[in-house]
Amino acid sequence: MTTREVEVWLFRPKNDGRINAAENIIRSECHTRGWNLQLRWLQERRDMGGRVRSLINSEDAVNLYKAIHRRRVGVWHTGEALAPIVPWPKSLRHYIGLRDFVRHKAFCRNLFADPIHKQWLAALSEFESWFSGIWCENEGDPRCLPFHVFKTNFSTDRLTSPQGRIDFANGHGSQSSREDDNGLRWNRPQGQYHGREVLQIAGRDLVKGFHWDVQNLGGNQTLSSVSEVWEISKGGYVNVYPDEHIRKGKRSRPIRLKERKPTETAGFFLK
């Protein structure tokens, strides 16, 4: 097993005064333990109903998702934190909760009550226990999948149990050839893997270059990650990696921002 760096990500809104004193304690504890600390702002926007929502920006979401496949990561946030799952989010359906975004890949806790520093300290031993263990069986474990890319209505929190993983296989197929709810076929490649990195899922190192050949057997389909959107024609495919990276395959092409209509890039959230 590769020794991985430990990293803590803290997401907080700029106007939350409760976190200021706690931030100094968090910084000190991370320094003492030799952990990297990433501090990120949440963007506050009002939705069409006037409710303030706390959003993670796209760049931070991309970098976080890459990090959790290369380091042992703990994620903390104060209150609500919503992560985008497409490059050009324009409504709430393009966001999911941060816990769901990193589920099965990173440790995640909400610092929702005062005093925040006591919640942080109380969770440290739990985090240390988590990053000292291995929480993924192998490349066939469905917890390897990037679930904002692989579309499913299955409750992915059930994948922590063997029965949950069996039920997932019953619904989506065996680990060598799964079908998502959009009708895309996620196949384990039969030949050589493409890629030089050894990614990890919750402490389990994966085979170097591990990915899926995602095939489209029907009409034209699009496949989205946080950073890019691809169009896959009938009979085409792309390579998808656990860290959501998409690599060009046969009869596929990336959709650029300029190809979208102006109304499609308009923000849903008010300033």
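The numbering scheme is per chain: residues are counted from 1 as the chain's sequence reads. It should be noted that, the model being predicted, local features are given only for residues of pLDDT at least 70 and side-chain atom pairs only at 80 or more, the latter also being counted only at that level, while totals for whole chains, interfaces and linings use all residues. Only hydrogens and water are set aside when side-chain values are computed; all heavy atoms of the structure are taken into account.

Draft legend 1. Representation of helix α5 (residues 162-172). The buried label applies to any residue whose accessible area, calculated with a 1.4 Å probe on protein chains only, is under 20% of its type's maximum; exposed applies above 50%, and partly exposed to all values in between. The secondary structure listing takes helices from DSSP runs of H or I that are at least 4 residues long and strands from runs of E that are at least 2 residues long, numbered from the N terminus. Residues of α5 that are buried: G164, R165, F168 and H172. The arc that holds every buried residue of α5, seen down its axis, measures 100°, which confines them to one face. Of the exposed residues in α5, those oriented more than 90 degrees away from the buried face are P162 and N170. Every residue pair with non-hydrogen atoms within 4.5 Å of one another is taken to be in contact. For α5, the secondary structure elements touched by its buried residues are β8 (177-179). To obtain the arc, one takes the directions from the helix axis to the C-beta atoms.

Draft legend 2. Seen up close, the pattern of salt bridges. Any carboxyl oxygen of Asp or Glu within 4 Å of a side-chain nitrogen of Lys or Arg constitutes a salt bridge here. Scanning the entire structure with this criterion turns up 19 salt bridges. E80 is the partner of R53 in a salt bridge, and the nearest nitrogen-oxygen pair spans 2.7 Å. Remark: E80 occurs in the loop between β4 (72-77) and β5 (82-84) and R53 occurs in strand β3 (residues 52-55); sequence separation between them is 27 residues. Residue classification places R53 among the buried positions, given a relative accessible area of 10%. For E197, the salt bridge identified is with R70, shortest N-O distance 2.8 Å. Of the two residues, E197 is situated in the loop between β9 (184-187) and β10 (200-201) and R70 in the loop between α2 (58-67) and β4; the sequence distance between them amounts to 127 residues. What you see here is one network of salt bridges that share partners, running through D47, R51, R53 and E80.

Draft legend 3. Spotlight on the packing of aromatic side chains. Ring pairs are drawn from Phe, Tyr and Trp, using the six-membered ring of Trp, whenever the two centres fall within 6.5 Å, and their geometry is named by plane angle: stacked under 30 degrees, edge-to-face over 60, tilted for the rest. Counting across every chain of the model gives 17 aromatic pairs. Look at W76 and W120: their rings are 4.6 Å apart centre to centre, the planes differ by 65°, and that puts the pair in the edge-to-face class. Of this pair, W76 sits in strand β4 while W120 is found in helix α4 (residues 116-131), placing the two residues 44 residues apart along the sequence. With respect to burial, W76 and W120 carry one shared label: buried. Each ring, one from F154 and one from F168, has its centre 5.4 Å from the other, and the planes form 80°; the classification is edge-to-face. Of the two residues, F154 is situated in the loop between α4 and α5 and F168 in helix α5; the sequence distance between them amounts to 14 residues.

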